[in-house]
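# Observations on the three-dimensional arrangement
The residues making up each chain are set out below.
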Amino acid sequence: MIPDNFLQLAIETAKSSPSRRKVGAVLLKKSKVVATAVNLEQKSHPLQARLAKKVGLCEKIYLHAEIAALIKAKEDADTIVVARVNTRNKLRMAKPCPICTLALEQEGIKNVYYTTNEGFMYKYNLEEDSLEIHETT
């Protein structure tokens, strides 16, 4: 189970997003924060565009929080926590899209935690293809 402070950091990061869909990502290595990022609907990056094309979603070139965090990271990571909030700061589904999933796999991220509409946080292990449900506090 991931400590609540990383989930809270992801939620606070999401709240700071200037985008309509407020998504925040916290990238970790051995429980140490290596990068945080938000989605940016007004920006893109060549990596985002290349991965979008690779999965057949060429129109999805705005910079997603997960990819922005990978770009900002100065070292390898093993875990990412992704949170999405609505305008009332309620948790929303933040499951990484196919573009971000491909990026996370390519970067060797093993554990992906993300919020859901039901107020839970899911942990998806990319290596084992397993899913666990964790209650949020």
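A quick note: this is a predicted structure, and the numbers were derived from the prediction, not measured. (Residues numbered from 1 in each chain as written. Predicted model: local features only at pLDDT ≥ 70, side-chain atom pairs only at ≥ 80, totals over all residues. Heavy atoms only, no water.)

## Comments concerning the pattern of salt bridges
How we decide: The salt bridge criterion pairs a side-chain nitrogen of Lys or Arg with a carboxyl oxygen of Asp or Glu, the two atoms within 4 Å. Starting at the N terminus, helices and strands are each numbered in turn, a helix being any DSSP run of H or I of at least four residues and a strand any DSSP run of E of at least two. Each residue is assigned to one of three classes by its accessible area relative to the maximum for its type, calculated with a 1.4 Å probe on protein chains only: buried under 20%, partly exposed between the two thresholds, exposed over 50%.
Applying the stated criterion across every chain, the model contains two salt bridges. In this structure, K15 and E12 form a salt bridge, with 3.2 Å as the shortest nitrogen-oxygen distance. Residue K15 and its partner E12 are located together in helix α1 (residues 4-15), separated by three residues, close to a single helical turn. Owing to a relative accessible area of 33%, K15 belongs among the partly exposed residues under this scheme. K32 is the salt-bridge partner of E75, the closest N and O atoms lying 3.2 Å from each other. Note that E75 is positioned in the loop between α3 (65-72) and β3 (79-85) and K32 in strand β2 (residues 32-38), a separation of 43 residues in sequence. Classification of K32 as partly exposed rests on a relative accessible area of 45%.

## Comments concerning the pairing of strand β5 (residues 111-115)
How we decide: One requirement defines pairing of two strands: DSSP has to find at least two bridges between them.
Summarising burial for β5: five of the five residues are buried, a large majority. Here β5 shows two buried faces, one formed by N111, Y113 and T115 and the other by V112 and Y114. Relative to β5, β3 runs parallel, the two being bridged by four bridges. Across the sheet, V82 pairs through a bridge with Y114, a residue of β5. The antiparallel hairpin formed by β5 and strand β6 (residues 120-125) contains four residues in its connecting segment, where G119 sits at a positive phi of about 85°.

## Concerning the layout of surface pockets
Basically, it comes down to this: Think of a 1 Å grid over just the protein atoms. A cavity is a set of points where a 1.4 Å probe fits yet cannot get out, a pocket is an open set with protein on both sides within 12 Å along at least five of seven lines, and lining residues have an atom within 4 Å of a point. Grid points are joined across faces, edges and corners, and a volume is the space filled by probe spheres set on the points. Basically, the charged four are Asp, Glu, Lys and Arg, the nonpolar ten are Ala, Val, Leu, Ile, Met, Phe, Trp, Tyr, Cys and Pro, and anything else, Gly included, counts as polar.
Size it by volume and the largest pocket reaches roughly 340 Å³. Taken together, 20 residues line the largest pocket, and the ones lying closest to its centre are V23, Y62, H64, K95 and C97. Residue contributions to the lining of the largest pocket peak at three residues, all from helix α4 (residues 98-106). Considered class by class, the residues forming the lining of the largest pocket number 12 nonpolar, two polar and six charged.

## Points about the side chain of T115
We count it as follows: Within 3.5 Å is the distance limit for a polar contact, defined as a pair of N or O atoms, with the added protein rule that one can donate a hydrogen and the other accept it, and that residues adjacent in sequence qualify only through two side-chain atoms. Only heavy atoms enter the contact rule, under which two residues are in contact if any of them lie within 4.5 Å.
By the element assignment, T115 lies in strand β5. Here the side chain of T115 touches R84 through a polar contact of 3.3 Å, landing on its backbone nitrogen. Within the structure, the side chain of T115 is placed 2.7 Å from the backbone oxygen of R92, a separation counted as a polar contact. Not counting chain neighbours up to four residues away, the residues in contact with T115 comprise L7, V82, A83, R84, L91, R92, M93, A94, K95, F120 and M121.

## Describing the nonpolar core
Counted only if it meets this: Definition of nonpolar core: a set of buried residues of the types Ala, Val, Leu, Ile, Met, Phe, Trp, Tyr and Cys, connected through side-chain atoms within 4.5 Å.
Residues L27, I67, I80, L104, I109 and V112 are the most contacted members of the largest nonpolar core, which totals 29 residues. Elements represented by at least two residues in this core include exactly β1 (22-29), β2, α2 (46-54), α3, β3, α4 and β5. Ranked by size, the runner-up nonpolar core spans 14 residues in total, among them I2, V81, A83 and M121.

Function cannot be inferred from these measures alone, as they are strictly geometric.
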